[in-house]
Amino acid sequence: MDLITLLPFIVLIGAMFLMTRSAKKKQAAAAQMRNDMQPGTGVRTIGGMYATVKEVHDDTVLLEVAPGVHAVYAKNAIGAVLDDAEYNRIVHGDDQELDADGTVVPDDASSLTGDADAEVAKIDLGKDDVADDAETEDATAKDVKDAKGEDKTDGDADSK
C-alpha cells in the first residue's frame, strides 16, 4: 500500500487519540477536585445551586443548602469547588472591591452637565395654545365632512 492512502487514516486516529486524551485529563481533574472537598467549603452543583459541604462520603456529599436545610447529593453532581472569597461574593453579596473603591455612579447625567437648572429653563417643548386649538378645529371639520360624504371623488376610499 501507498503511504498517501494511509495518511488520512493515520491523521484520523491521531485526532481521536488527542481528543480522548484531553477528555480523560478533564475527567481526572474533576474527580480530583471532588475528592479534595472538605467540610465547610462552598460548592456549586451542576444544576447551579450553591451550598456548603457538611460531610463527605465515598459516593455522596451532604450539603447545607440553607441554614438548617441539608440535602444528600452524589459526588458527580458537584460542578465546582469554590474558594471562600468567591463563595461569599456570590452567596452573601460580599464584594470587597466595591467597598474599597468608593466611587459612585450617578443615576442620571444631570450631574455631568454642570448647571442643570439653567438648561431646563431654556428648553421650551410646548406648542402655542392658539395653534393647538386651530389644529383641533380643522381636524373636527374634516371628520364632519368625511362623515357626510362630502369632498369624495371616485378615486377616494369609501366612495360608492
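Cut-offs and rules
Here the residue numbering is sequential within each chain, running from 1 through the sequence in written order. At least 70 in pLDDT is required for a residue's local features to be given in this predicted model, at least 80 for side-chain atom pairs to be given and counted, and no such filter applies to totals for whole chains, interfaces and linings, which use all residues. Processing note: side-chain calculations cover all non-hydrogen atoms of the structure and skip hydrogens and water entirely. UniProt positions are given in the numbering used here, feature names are shortened, and annotations may be inferred rather than shown by experiment. Only DSSP runs of H or I reaching four residues or more are called helices, and only runs of E reaching two or more are called strands; each is numbered from the N terminus. Each residue's exposure class comes from its accessible area (1.4 Å probe, protein chains only) as a fraction of the maximum for that residue type: buried when under 20%, exposed when over 50%, partly exposed otherwise. Note on contacts: a residue pair qualifies if any of its non-hydrogen atoms lie within 4.5 Å across the two residues. Each accessible area is a Shrake-Rupley estimate made with a 1.4 Å probe; only the visible protein chains count as cover when residues are assessed. A carboxyl oxygen of Asp or Glu within 4 Å of a side-chain nitrogen of Lys or Arg is what we treat as a salt bridge. Take the buried residues of types Ala, Val, Leu, Ile, Met, Phe, Trp, Tyr and Cys, join any two whose side-chain atoms come within 4.5 Å, and each joined set is a nonpolar core. A pair of strands is considered paired only if DSSP assigns at least 2 bridges between the two. Whenever a helix is involved, its axis is fitted only over the stretch in contact; in every case the axis is a line through C-alpha atoms, and angles between N-to-C directions fall within 0 to 180 degrees.

- Per an unreviewed UniProt entry, the protein is named Preprotein translocase subunit YajC, and its organism is Streptomyces sindenensis.
- Quoted straight from UniProt, the Sequence similarities (unreviewed entry) entry for the protein says "Belongs to the YajC family."
- On record in UniProt, under Subcellular location (unreviewed entry), the comment for the protein is "Cell membrane".

### Focus on the overall build of the protein
Right, so step 1: Looking only at helices and strands, the protein features five helices and five strands.
Right, so step 2: Mapped in sequence order, the helices and strands of the protein form the string α-β-β-β-β-β-α-α-α-α.
Right, so step 3: Split into buried and exposed, the 160 residues of the protein put 11% on the buried side.
Right, so step 4: Contacts in the protein between residues far apart in sequence, at least 24 positions, make up 38% of those at least 6 positions apart.
Right, so step 5: Summed over its atoms, the accessible surface of the protein is roughly 13000 Å², and 56% of this surface lies on carbon and sulfur atoms.

### With respect to the pattern of salt bridges
Right, so step 1: This structure, assessed with the given rule, holds one salt bridge.
Right, so step 2: Two residues, E64 and K54, come together in a salt bridge whose shortest N-O distance is 3.1 Å. Taken together, the residues span a long stretch of sequence, with E64 in strand β3 (residues 60–66) and K54 in strand β2 (residues 50–56) at a distance of ten residues.

### A word on the nonpolar core
Inside soluble globular proteins, nonpolar side chains tend to come together where they are buried.
Right, so step 1: Grouped together as the largest cluster of nonpolar side chains are seven residues: M37, V43, A51, V53, V61, L63 and I78.
Right, so step 2: Counting only elements with at least two residues in this core, the list comes to β2 and β3.
Right, so step 3: Among residues more than four places away in sequence, those in contact with L63 are V43, T45, A51, T52, V53, V69, H70, A71, Y73 and I78.

### Some thoughts on the side chain of T52
Right, so step 1: Mapped onto the fold, T52 is located in strand β2.
Right, so step 2: Look past the residues within four positions of T52 in its chain and what remains in contact with it is G40, T41, G42, L62, L63, E64 and Y87.

### What to know about the environment of T52
Right, so step 1: By relative accessible area, which is 17% here, T52 ends up buried.
Right, so step 2: Remark: the alpha-carbon pair of T52 and G42, spanning ten residues in sequence, is separated by 4.5 Å.

### Points about the sheet that holds strand β5 (residues 78–82)
Right, so step 1: Pairing in this open sheet of five strands is antiparallel, and the strands run β4-β3-β2-β1-β5 from one edge to the other. The two strands at the open ends of the sheet, each matched to only one other strand, are β4 (69–74) and β5. Strand-to-strand twist across the sheet, computed as the mean angle between neighbouring axes with direction ignored, equals 40°.
Right, so step 2: Sheet topology places β3 next to β4; six bridges connect them, and they run antiparallel. Looking at the pairing, L62 lines up with V72 of β4.
Right, so step 3: In this fold helix α2 (residues 84–91) packs onto β1 (42–45), β2 and β5, with an angle of close to 130° to the strand it touches most, β2.

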